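Structural characterization, general
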Amino acid sequence: MTASAEEPLRNRLMVTLAYDGALRREELVQLGVEDFEPAHRLIHFRAETTKSQRAREVAFGTTSSRLFVAYLTERRTMFGRIDGPLLRSVSNRNYGAPLGPS
């Protein structure tokens, strides 16, 4: 966690969400903005995005919640919208495209 403190906001959010919810890489990159319930600090996983093919909810902490809100604000200025896949690429080659598992 300490090593990620120097990373960009998106990467810090990825680390904290993965840590808080014990998420697999594939689950993390398939998250959409609509999967979050920030008021209750919950992530809703659709059955088709989980390994067990079962829907579930995972709680996340206050640090992740603050990073989530900050990332949405940053993302809106970069890409112009906040709906759709949560984690987006900032590389020149795939700018704005959803992140993949690799």
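**Things to note about the sheet that holds strand 2 (residues 42-45)**
In spatial order, the strands read 1-2-3; together these three strands make up an open sheet with antiparallel pairing. Each having just a single partner strand, strand 1 (36-37) and strand 3 (56-59) make up the two edges of the open sheet. Of the strand pairs in this sheet, strand 1 and strand 2 are connected by two bridges, and their pairing is antiparallel. Counted as the bridge partner of Phe 36 is Ile 43 from strand 2.

**Remarks on the pattern of salt bridges**
Going through the model one piece at a time under the given rule, you end up with five salt bridges. For Arg 46, the salt bridge goes to Asp 35, with nearest N and O atoms at 2.6 Å. On the criterion of sequence distance, the pair formed by Arg 46 in the loop between strand 2 and strand 3 and Asp 35 in the loop between helix 2 (25-29) and strand 1 is long-range, its members being 11 residues apart. For Arg 46, a relative accessible area of 29% puts it in the partly exposed group. A salt bridge links Arg 46 to Glu 48, with the shortest nitrogen-to-oxygen separation between them at 3.2 Å. Residue Glu 48 is classed as exposed on the basis of its relative accessible area of 55%.

Definitions and cut-offs
- The written sequence of each chain sets the order in which its residues are numbered from 1.
- Given that the model is predicted, a residue must reach a pLDDT of at least 70 before its local features are reported, and side-chain atom pairs must reach 80 or more before they are shown or counted; all residues, however, enter totals for whole chains, interfaces and linings.
- With hydrogens and water stripped out, all remaining heavy atoms of the structure feed into the side-chain values.
- One requirement defines pairing of two strands: DSSP has to find at least two bridges between them.
- Runs of E in the DSSP output that reach at least two residues are strands. Runs of H or I that reach at least four are helices, and both are numbered from the N terminus.
- Each salt bridge in this description consists of a side-chain nitrogen of Lys or Arg and a carboxyl oxygen of Asp or Glu lying within 4 Å of one another.
- When a residue's accessible area, from a 1.4 Å probe over protein chains only, is under 20% of the maximum for its type it is buried; when over 50% it is exposed; and in between it is partly exposed.

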